[in-house]
Amino acid sequence: MGILNFIKNIFKEPEKPSEPEDLLIKDLQNWIQTKEKSIEKQDKDFSEQITNLKKELINTINKKLEELKDYNLDDKKAEERIKSIILENFNNYIRYTEKLIEGLENLITNQSKTLIQEIDLLLINFQEKSDVSYQKATFLIGEIGKIKESIDNFTKQLKKLINENQELIKTSGLISIIKLKQEELLEVESTEDQIKNKHKSTKSKITHIENQIKEIQEQITKIKKSKEYHEEINEKNKIDQENNTLTTKLNELKKLVDFKELAHKYHANEKEMNIIKDHRNNFQEAFEKDNGKDLEELVNKKQASDKIQEIQDLRKHINKLENNLNLKEGVEISLKEAEITKLEQDIKDQNTEQEKNNKLLTKITDEKDQIFEQLKSTFQEMNIILIISHP
């Protein structure tokens, strides 16, 4: 069984039940820092023990390699072909062993976890590459079995050392997970703060816009109560009444005009027929094109002519009223109402943004709850109850 598999089994071993301790989420950062300081010292001692064990293995193997230097098979009874194969595999095994020693010598780290991982990787690679050569070489050269014995003994002592420090290894692994989750939590909470600030800012903008609308509405109400505005309304109503009178008189004039008679009279004249046709189709529009001049030339009835003159005078009077009409207050109201419409659209846009913020906050809350559950589960393995207090 590999060294790392041996470590994994440590995490599976049940601990003796004891009274759990409580930890508030607000104290998590200080708890991690305190634990890290404590473990750092313990891990340094553990790493030194592993390093010393590693040095012993290196020295032992180097001595055995020196003993096997220039080894020959002259005194061995076997065919030369077999001796050649065995010697070749012997040399291969020696080379693999030297590479293992070189790899062990180059391992420089103060972290026990990294050190164990690197040693495990070196030993696995050595085992995979050297096993065939070892099996063939030991057929005549049993002395290389001492190298394997040294490695097996090292592995056994390392596992014993790991077993003695299993609490440290387990706690260190769990704290690494907790620290990672705490970093995730801090990142999520930072994002949450940003969204909340944005939410607050958007709410403030909406309130400000609502106050602007209220202020403009008050201004409109004030204008509508003013003397100037009422004078404008009266003048506009007067013009509307005159326009209604104008429409009535135009209808009266239309009844006085005999279009059949005019068509019969001017049927040969294209210009006059077009005038007659335009007035018959849309009397008021045709009349107002030239203020009745064309129609006046065609109609000979005095009653119709008098009515045309009356309408022309009324149109002149209406034009004068319209020219003198000052809609300053009404225009001001229209501008302010347009401004209100724009501000109301701004509020809709801000509310849309607020809905997005609310959805993001809901998502953030779910992410936080998930992290909290993961933290709780990890702390349970340390017999610690993590207490989450929601604001």
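Placed above this text is the structure.
A few points on the structure. Residue numbers here run from 1 along each chain, matching the order of that chain's written sequence. Local features are withheld for residues below a pLDDT of 70 in this predicted model, meaning they are given only at 70 or higher, and side-chain atom pairs are given and counted only at 80 or more; totals for whole chains, interfaces and linings count all residues. To obtain the side-chain values, all non-hydrogen atoms of the structure were used and water was disregarded.

Observations concerning the overall build of the protein
Here a strand is any run of E in DSSP of at least two residues, a helix any run of H or I of at least four, and the numbering for each starts at the N terminus. For the protein, the count of helices and strands is 13 helices and two strands. The quantity called the radius of gyration is restricted to C-alpha atoms. Its globule counterpart is 2.2 Å times the number of residues to the power 0.38. Relative to its length of 391 residues, the protein is extended, with a C-alpha radius of gyration of 51 Å against a globular reference of 21 Å. Its C-alpha atoms give the protein principal-axis dimensions of about 155 × 60 × 30 Å. For the protein, with 391 residues in total, the buried portion stands at 35%. By definition, residues are in contact when any of their heavy atoms lie within 4.5 Å. In the protein, once contacts between residues fewer than 6 apart in sequence are set aside, the share between residues at least 24 apart is 83%. Surface accessibility in these figures is a Shrake-Rupley result with a 1.4 Å probe; residues are shielded only by whichever protein chains are displayed. Per element, the accessible surface of the protein, about 25600 Å² overall, is 47% carbon and sulfur. Taking the 67 positively charged and 77 negatively charged side chains of the protein as two groups, their mean positions are separated by 2 Å. Burial classification: accessible surface area is computed with a 1.4 Å probe over protein chains only, and a residue below 20% of its type maximum counts as buried, one above 50% as exposed, and the rest as partly exposed. When charges are tallied, Lys and Arg are placed among the positive residues and Asp and Glu among the negative ones, while His and the ends of the chain are skipped. Charge positions are represented by NZ for Lys, CZ for Arg, CG for Asp and CD for Glu.

Let's talk about the pattern of salt bridges
Each reported salt bridge corresponds to a side-chain nitrogen of Lys or Arg within 4 Å of a carboxyl oxygen of Asp or Glu. Per the stated rule, a full pass over the model turns up 16 salt bridges. For aspartate 45, the salt bridge identified is with lysine 41, shortest N-O distance 3.8 Å. With aspartate 45 and lysine 41 both in helix 2 (residues 28-67) and four residues apart, the pair spans about one turn of that helix. Judged by its relative accessible area of 58%, lysine 41 falls in the exposed class. The partner of lysine 336 in a salt bridge is glutamate 332, and the shortest N-O contact between them spans 3.5 Å. Residue lysine 336 and its partner glutamate 332 are located together in helix 13 (residues 328-380), separated by four residues, close to a single helical turn. The class for lysine 336 is buried, based on a relative accessible area of 14%. We classify glutamate 332 as partly exposed; its relative accessible area is 32%. Through salt bridges that share partners, Lys249, Glu252, Lys307 and Glu310 make up one connected network.

Details of the nonpolar core
One broad trend across soluble globular proteins is that nonpolar side chains are buried collectively. In these notes, a set of buried Ala, Val, Leu, Ile, Met, Phe, Trp, Tyr and Cys residues joined through side-chain atoms within 4.5 Å is what counts as a nonpolar core. One finds Trp31, Ile119, Leu375 and Phe379 to be the most contacted residues of the largest nonpolar core, which totals 57 residues. Only helix 2, helix 3 (80-105), helix 4 (112-137), helix 5 (145-164), helix 6 (166-224), helix 13 and strand 2 (384-387) provide two or more residues apiece to this core. If you tally residues by element for this core, the top one is helix 2, at 11 residues. Apart from the residues lying within four places of it in its own chain, the contact partners of leucine 375 are Ile25, Leu28, Ile178, Lys181, Leu185 and Leu386. Membership of the second largest hydrophobic core comes to 21 residues, among which are Phe287, Leu298, Ile311 and Leu321.

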